[in-house]
Amino acid sequence: MIPFSSVSPLKILEKSSQGALGAGNLGVLIARAGVGKTACLIHIAFDKIFSQEKLVHVALEEGPEKVMSYYSVIYYDLLKALGITDDYEYRMRIERNRMILAYLNQSFDLDRLRNNLKNLAEGLQFTPDALIVDGLDFEKTDRKVFEGLKDIAQEAETEIWLSALSHRHITEVNDHGIPYPCSQIDDLFSLIVQLKAEPSGIFLSLLKDHDQPGFPDTHVRLDPNTFLAMV
Amino acid sequence: MNTIDNIRNIGISAHIDSGKTTLTERILYYTKRIFAIHEVRGKDGVGATMDSMELERERGITIASAATYCEWKGHRINIIDTPGHVDFTIEVERALRVMDGAVLILCAVGGVQSQSITVDRQMNRYEVPRIAFINKCDRSGANPRRVVRQLREKLNHNPVLLQLPIGLENQCKGVVDLVSMKAFYFEGRSGDEIRTDEIPADMRDQAGAAREALLDAASMYSDDLMEAILEDKVTEPLIRDAVRSGTISRELTPVFVGSAYKNIGVQPLLDAINSYLPSPLDVQNTALDLDQDERPVPLETDARKPVVALAFKLEVTPYGQLTYLRIYQGAIQKGADLMIIRTGKKIKVGRLVRMHADQMEDLTTAQAGDIVALFGIDCSSGDTFTDGTLHYSMSSMFVPEPVISLTISPQDNKSQDNMSKALNRFTREDPTFKSYVDSESGETIISGMGELHLDVYVERMKREFNADVTTGMPQVAYREAITRQAVFDYIHKKQTGGSGQFGRVAGFMAPSSEGTYEFINEIKGGAIPTEFVPAVDKGFRSCLEKGLLVRFPVLGMNITVNDGKAHSVDSSDMAFFQAAVGAFKQAYMKAKPVILEPIMKVTVEGPSEFQGNVMGAINQRRGIITSSIEDGAFTTIEAEVPLAEMFGYATTLRSLTQGKAEFTMEFSRYAKVPESLSEELKTTLREKSRGDKK
C-alpha cells in the first residue's frame, strides 16, 4: 500500500507530541461553514481505513448516500494524486473497515449511539478503532454530551473526531487561544485543529496538542480543491 | 364537466391490509359506479370490484394495478389502484408514473408501517403530491394523532389535520370538518345520507385548537390567508386554496380521518381529492426527444397538440389485449392512426374505452390528461404512442434486472399450449418477468424479482390459463469471468469429402474491467480476409452465452485477434466461426475463469430494537452492512448480500422481528464467489448441468 500520509491533511499530526489522537480521546476540527471540515474528517477516515483499522462514520445531517458520495469524490482524488490504477485492494478495505451510522431528524442521542456500537460489536464483530462524528451542532449541544462522548471513547477504547462550526462574527477566544464554539469545552479535547481558508489555500493549525500547547503558527497547507496536503 | 381542470388522476397507495380495496369499493359506490358494496373478504363471495383477478379475490390482496374512473361533483376521477406488496415494485412504479396525485391510506392502529415508508419514498421519487386518509378509526387501539406524529417523524411530511374523528374505536360516529367547522354523520344503510350538524359540545375546544393549527400551517402557502387571519376575515375558499397550494408543492400533507368499512368519512375524502389534489394542468410532464439525443422536452396538456401517450398497463380479457394509456398531450379519436415509437409500427385505434374495473364504456374521443384503454393493440407495457409526427419517448422507467430463475414444465400437451400463452402475456405485462427456453436442456426458464414474484405468476398460470405446471428449485443467475490474459492459436480444419473447412485464428483474450465484450481487430496483411472477420467476432460472441467453467454466461472480455490464415477454397464464414469457437475453448480455462454471483442491495426497515438481530442475520448470510440509519423509532439497515444467501430470508426476518420489519432488495453488481465456496459450487453446478443434458 502506498502511504497516504505524504498527501493527507493528517500531516499536521506528525508535529504533535504523540503523533495521533489515541484511543479514549476526543479530537475536533474547527472551521467556518464551507471550508472543508467534512472533507478533512474523511481524510482522517481514509487514513484509518487503509491501515486496516475499523471506522464508524456518524452522520447527523446527511443520509448514508450523501456521505458515501463525499467519500468517493475524495477517494478518486486520492487515487489520482497518488497515481494508483489498480484500486481493488483499497476498495476492499473501504468495504470491510467502514460503517456509516446516520441519525436523521434529531434521532441522535448517546444511548442510541452506545446501543448501535454494541450491536455492531455483537452482531458483526465490528469494533471501531475510530469514530468520526460529523454534523453535531456545538452551539446547541450540552457539555454533558461531549462528556458522554468521551466516556464512550474510553469504554470502547476508540478515538472520536468531531467537527465544529465557527462563525466570522464570533471572535471569542479563551485563555489558551481556543476559539468559539470550543472555548468552554476545550478541556475535553485532546487535539484541537483549526482550518482556515486563505487566498493561497486552506491552512490547518494545531491549537491544542494533548497536555501541551499546540503550534498555532505552524501550518499545513491544503489544496482547496482536493484537500490534499501541498508540499 | 370535461375540462382538463376537472380531471384527477390519482393513486390509492398504502400498506397491505390498511383497507385500500375497501376504500376504493366505497368510492365507487358513492360515485354510483357500482350499486352494492362487496367486501374484500366478504361472505357473499363476490369480492371487491377493483380486485378483478380471481387470485386477488382469493388472497384478499391486490396484485395488478387496475384503473377505474368515477365522477364526483363535476370532477372525473381516474383511480389507479396500486399493489402494496414489495415483490411487485414494477407495478407500483408504473402506476406512480401516470398518476398526478395520491391518497396515502394509513391504518389508525398500525400507523406508518415500513411498506408505507417504501411506497412513500417511491412517491417522492415521482414527485407525487398526496393527501393522507387515516382509516380504521373504528378499530380497537385507533390513535389518529399518533399516526399524524408518525407522518412527521417517519415520513418527514408536514401533516395537518383537516378533520377530527367524532369518537374512536367502537364509538366512532362521524367527523368534524375543520374548514367549515361542522360535524358530519353518515347515515342510511351504506352511509349514503350525510347529516350535517353542530360540532359536539365536548369537542369544541379541541376542534378550535385543531383549526388554529390548520390555519397556522395553511397560511404559509397563501399571503391572502395570512392577511385574512390578521383581519379576522377567514373564508372557506381561502383555506382551501392555501391547503391546495401547499399540497401541490408537496410541502403540506392534509390529513383526513374515517373508517371505510363503517362508511365514515369517504365522501369528504372525495371532496378533498377534488379540492386539494392536482389536475393534469398542475403537473409538468416531460418526454425524451429521440431525434435530439434523448433531450427532455416538456409536454403540454393540450388537446390541440400532437399526441403523446404512454401504455402503462396491459391486461388480457376474453376479447383480446387491453392496453391502459395515459394521454399526456393531444387527443385520441376512435379510428385514428397512432405509432408505437419502439417498433415504429402504425396502429389504428379500433375501440377506445374507459375502464371501470372489469367493465367498460366505449368512447369516441379522449384528450390529454385522461386515462383510457385501447382494445386489440399489439404492444408492450411501457410503450410510447404518438401520432407519428413526434419521435418522443416517455422517459424510461426504472426496470430492475431479474435475479432469480426457475424451471417450469407443463404436465401435458394442453398445458404446454396454455403455458406458452400465459408466458407471452406475462412478459408483455411485466418487463421484470422474463422467460426463455434453455437451448441445452430444452427446459423453459422463468426469471423475475423474487420468490413471491415468480410464485404469483405460476399461480396465475394455473388459474387464469388453466396450465398445469411444475416448477424446479429457484436458481441464482451466476456469471463467469476470466481473470488473466491467455493466448490462442487455433486451426479449424475439416476434410470429409466435398468442399473442406479451413480457418486459423490467433490472438489473446483478456479480462474486461467494465464487464463488456470487445472485439479488437489487429490482423495485419490480410491474414484473415476482411469478409471473414465478422464471423470470427460472431464465433467468440456465441461462446459467451455459456462459459466452460460452470456453463453460465460469461460477463464480457476483450478479444484481440492479431493473426490467422485462410484457404482460397476451403475458408468460409462457417469455418472461421468454428475456428473462433475452437480458439475460445483453447484459451478459456488458461485465462483462469472464476464464478461471479449477483450481489443484492438489501434494505431492511424495522423498529430500532431489532437492529442487533437484523445485523447478525445479515452477517451470517455473507452480507456486508454498509450503513444503518436511525430515524425516529425506526432503523433502516443497508447491506450488500449475495442473492444465493437470500432464499428464505423473508421468513427469517419475520421470526427475528415478530413480523415488524420488512425488506426490499435490488440487484447491485456481480462479485467473485469466495474461494472457500467456489469449489463446492462448481461441483454442484456441474452436476446440475450434467443432469440437464440427460
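Residues numbered from 1 in each chain as written. Chains lettered and ligands numbered in written order. Predicted model: local features only at pLDDT ≥ 70, side-chain atom pairs only at ≥ 80, totals over all residues. Heavy atoms only, no water.

**Digging into the overall build of chain B**
Looking only at helices and strands, chain B features 16 helices and 38 strands. Of all 694 residues assigned to chain B, the portion counted as buried reaches 57%. In chain B, the share of contacts with a sequence separation of at least 24, taken over all contacts with a separation of at least 6, comes to 72%. Accessible surface for chain B amounts to roughly 29,300 Å². Of this, 48% is attributable to carbon and sulfur atoms. (Helix = DSSP H or I, 4+ residues; strand = E, 2+ residues; numbered from the N terminus. Buried < 20%, exposed > 50% of the residue type's maximum accessible area, 1.4 Å probe, protein only. Contact = heavy atoms within 4.5 Å. Areas by Shrake-Rupley, 256 points an atom, 1.4 Å probe, with all protein chains shown as cover.)

**Focus on a negative patch on the surface**
Residue and element names in this part refer to chain B. On the surface, Asp223, Asp224, Glu227, Glu231 and Asp241 cluster together into a patch of negative charge. When residues of the negative patch are assigned to their parent elements, the largest contribution, three residues, is made by helix α7 (residues 223-230). Along the chain, Glu231 falls in the loop between α7 and α8 (236-248). (Patch = residues over 30% accessible without salt bridge, like charges linked within 9 Å, V, L, I, M, F, W, Y side chains within 5 Å. Salt bridge = Lys/Arg side-chain N within 4 Å of Asp/Glu carboxyl O. Lys, Arg positive; Asp, Glu negative; His and termini not counted. Charge placed at Lys NZ, Arg CZ, Asp CG, Glu CD.)

**Re the side chain of Ser180(B)**
Relative to the helices and strands, Ser180(B) is located in the loop between β8 (174-177) and β9 (182-187). A distance of 2.6 Å separates the side chain of Ser180(B) from the side chain of Asp177(B), its partner in a polar contact. (Polar contact = N/O pair within 3.5 Å; in protein donor to acceptor, adjacent residues only side chain to side chain.)

**Overview of the packing of aromatic side chains**
Here the structure, examined in full by the defined rule, presents 22 aromatic pairs over all chains. With 5.2 Å between their ring centres and 70° between their planes, Tyr75(A) and Tyr76(A) make a pair best called edge-to-face. Given the relative accessible area of 48%, Tyr76(A) is considered partly exposed. Here Phe312(B) and Tyr324(B) contribute two aromatic rings whose centre-to-centre distance is 6.0 Å and whose plane-to-plane angle is 50°, an arrangement assigned as tilted. A residue pair is termed long-range when its members are at least 10 positions apart, and Phe312(B) in strand β14 (residues 308-317) and Tyr324(B) in strand β15 (residues 320-329) qualify at twelve residues. Overall, Phe312(B) belongs to the buried group, its relative accessible area being 1%. For Tyr324(B), a relative accessible area of 1% corresponds to the buried category. Every member of this aromatic cluster is reached through a ring pair, and the members are Phe46(A), Phe50(A), Tyr71(A), Tyr75(A), Tyr76(A) and Tyr90(A). Directly above the ring of Tyr71(A) sits Arg98(A), whose terminal nitrogen or CZ lies 4.6 Å from the centroid. One residue, Arg354(B), lies across the ring of Tyr69(B), its end atom 4.7 Å from the ring centre. (Phe/Tyr/Trp six-rings, centres within 6.5 Å; stacked < 30°, edge-to-face > 60°. Lys NZ or Arg CZ within 6 Å of the ring centre and 35° of its normal.)

**Describing the sheet that holds strand β24 (residues 392-394) of chain B**
All names here are of chain B. Read across the sheet, three strands follow the order β13-β12-β24 without closing on themselves; strand pairing throughout is antiparallel. Each edge of the open sheet carries a strand with a single partner, namely β13 (295-299) and β24. On average, adjacent strands in this sheet sit at an angle of 45° to one another, irrespective of strand direction. Pairing analysis gives five bridges linking strand β12 (residues 285-289) to β13, with the strands arranged antiparallel. (Pairing = 2+ DSSP bridges. Axes fitted to C-alpha atoms, helices over the stretch in contact; angles between N-to-C directions.)

**So, the pairing of strand β2 (residues 55-59) of chain A**
Residue and element names in this part refer to chain A. Buried residues dominate β2, accounting for five of its five residues. Residues Leu55, His57 and Ala59 point to one face of β2 and Val56 and Val58 to the other, with burial holding for every one of them. Relative to strand β4 (residues 130-134), β2 is paired through five bridges, and the arrangement is parallel. Across the sheet, residue Leu55 finds its bridge partner in β4, namely Ala130. Of the pairings in the sheet, the one linking β2 to strand β3 (residues 98-104) comprises five bridges and is parallel in character. When the sheet's bridge partners are listed, His57 is paired in β3 with Ile100.

**Comments concerning the interface of chain B and chain A**
Across the contact, 22 residues belong to chain B and 18 residues belong to chain A. Contact between chain B and chain A buries roughly 1,600 Å² in total, counting both sides, with carbon and sulfur atoms accounting for 47%. In this assembly, chain B and chain A are joined by 13 residue pairs in polar contact (both at pLDDT 80 or more). In terms of residues, the side of chain B that touches chain A owes the most to one element, strand β36 (residues 624-631) of chain B, which gives eight residues. Looking at side-chain class alone, the side of chain B that touches chain A contains six nonpolar, ten polar and six charged residues. As judged from the five bridges shared by β3(A) and β36(B), these two strands associate in the parallel manner. Counterpart to Tyr103(A) in the pairing with β36(B) is Glu630(B). (Buried area = accessible area lost by both parts, 1.4 Å probe. Nonpolar A, V, L, I, M, F, W, Y, C, P; charged D, E, K, R; others polar.)

**Examining the packing of helix α5 (residues 110-124) of chain A against helix α6 (residues 143-155) of chain A**
Residues and elements named next belong to chain A. In the contact formed by α5 and α6, the axes pass within 10 Å of each other and the chain directions differ by 15°. One finds that α5 runs roughly parallel with respect to α6. Like other packed secondary-structure pairs, α5 and α6 cross with a definite hand, here right-handed. Residue-level inspection shows Leu110, Leu113, Arg114 and Leu117 of α5 in contact with α6, the latter providing Lys144, Val145, Gly148, Leu149, Asp151, Ile152 and Glu155. When the residues that make up the contact of α5 with α6 are grouped by side-chain class, the tally is six nonpolar, one polar and four charged. (Parallel < 35°, antiparallel > 145°, perpendicular 65-115°, else oblique. Left-handed = near helix turned anticlockwise from the far one by under 90°.)

**Description of helix α9 (residues 266-276) of chain B**
An α-helical turn contains 3.6 residues, so any two residues separated by three or four positions project in the same direction. A large share of α9(B) lies buried, amounting to nine of its eleven residues. Those residues of α9(B) not exposed but buried are Val266(B), Gln267(B), Pro268(B), Leu269(B), Leu270(B), Ala272(B), Ile273(B), Asn274(B) and Tyr276(B).

**A look at the nonpolar core**
Ranked by internal contacts, the top residues of the largest apolar core, which has 77 residues, are Leu113(A), Phe138(A), Leu162(A) and Phe189(A). With five residues, the single largest contributor to this core is α5(A). Judged by nonpolar contacts, the second largest core, of 70 residues, contains Val160(B), Cys172(B), Ala217(B) and Ile273(B). (Core = buried A, V, L, I, M, F, W, Y, C linked by side-chain atoms within 4.5 Å.)

**Topic: the confidence of the model for chain B**
Detailed reading of predicted coordinates is not advised where the pLDDT is low. All names here are of chain B. Taken over all residues, the pLDDT of chain B has a mean of 84, while the share at 70 or more is 90%. Under a pLDDT of 50 for its full length, residues 55-65 has, in the predicted model, 45 contacts with residues more than four places off or in other chains. Predicted complex, confidence summary: ipTM 0.86, pTM 0.66. (pLDDT = per-residue confidence, 0-100.)

**Concerning the sheet that holds strand β31 (residues 486-494) of chain B**
All names here are of chain B. Spatial strand order, β31-β32-β34-β33: four strands in an open sheet with mixed pairing. Each of the sheet's edge strands pairs with one partner strand only, and the pair in question is β31 and β33 (517-521). If you compare each strand with its neighbour and ignore which way they point, the axes differ by 25° on average. Pairing analysis gives nine bridges linking β31 to strand β32 (residues 501-510), with the strands arranged antiparallel. Bridge pairing links Asp489 to Ala506 in β32. Those strands touched by helix α12 (residues 533-543) are β31, β32, β33 and β34 (557-565), and its axis lies near 150° from that of β33. Against the sheet, helix α13 (residues 573-588) engages β31, β32 and β34, with an angle of about 40° to β32.

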